[in-house]
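Coordinate analysis (summary)
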Amino acid sequence: MKLTNPLRHVEFGNLGVFVRGIVSYTLSPFELKAFHNPLKRIPRAMQRFIEGAVHIVPNGGFAWWLHGYVEKKYDEMNRKNPEDYENDS
């Protein structure tokens, strides 16, 4: 059997994966309007930003607080204790 026969119709967009009963449709990016009514997209962009910020800002705030706390504790632990040097002459 020749290998070219099964691979004859394999190309990008038609890679040979066939599933019975499933029909898929795709749109060409060249047929879509890239910047259709940009003023209409601003509220949705703000909504997406807020939805993402709800998950990111608390974690970032906690990380910022934790970093500050650890730095402060590190500085406190590196201080010299004056009581250790009272009897030096």
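Refer to the structure above for everything that follows.
Residues numbered from 1 in each chain as written. Predicted model: local features only at pLDDT ≥ 70, side-chain atom pairs only at ≥ 80, totals over all residues. Heavy atoms only, no water.

Considering the overall build of the protein
The test is simple: Elements are defined by DSSP. Helices are runs of H or I of four residues or more, strands are runs of E of two residues or more, and each kind is numbered from the N terminus. Exposure is judged per residue with a 1.4 Å probe applied to protein chains only, and the accessible area is read against the type maximum: over 50% gives exposed, under 20% gives buried, and values in between give partly exposed. Using a 1.4 Å probe, the Shrake-Rupley method yields the accessible areas, and only the shown protein chains count as cover for residues.
If you tally the helices and strands in the protein, you get 1 helix and 0 strands. Evaluated residue by residue, the protein yields a buried proportion of 0% over its 89 residues. Of the roughly 9,800 Å² of accessible surface on the protein, 61% is carried by carbon and sulfur atoms.

Points about the packing of aromatic side chains
Here is the rule we go by: Pairs were defined over the aromatic rings of Phe, Tyr and Trp, the Trp ring being its six-membered one, requiring ring centres within 6.5 Å. Orientation was assigned from the angle between planes: stacked under 30 degrees, edge-to-face over 60, tilted for the rest.
Summed over all chains, the structure comprises 2 aromatic pairs. Ring geometry for Trp65 and Tyr69: centres 5.7 Å apart, planes at 15 degrees, overall stacked. Here Tyr69 and Trp65 lie together in helix 1 (residues 38-77), a separation of 4 residues that amounts to about one turn. Residue classification places Trp65 among the exposed positions, given a relative accessible area of 53%. Ring pairing ties together the aromatic residues Phe62, Trp65 and Tyr69, which thus form one cluster.

Topic: the pattern of salt bridges
Charged atoms that come close allow side chains of opposite charge to pair. The cut-off we apply is this: One side-chain nitrogen of Lys or Arg within 4 Å of one carboxyl oxygen of Asp or Glu is enough to make a salt bridge.
Applying the stated criterion across every chain yields a total of 1 salt bridge. Ionic pairing is found between Glu76 and Lys73, a salt bridge with its closest N-O pair at 4.0 Å. Placement of both Glu76 and Lys73 in helix 1 is noted, with a separation of 3 residues, approximately one turn of the helix. Note on Glu76: relative accessible area 35%, which makes it partly exposed.

Keep in mind that these numbers describe shape and distance, not what the molecule does.
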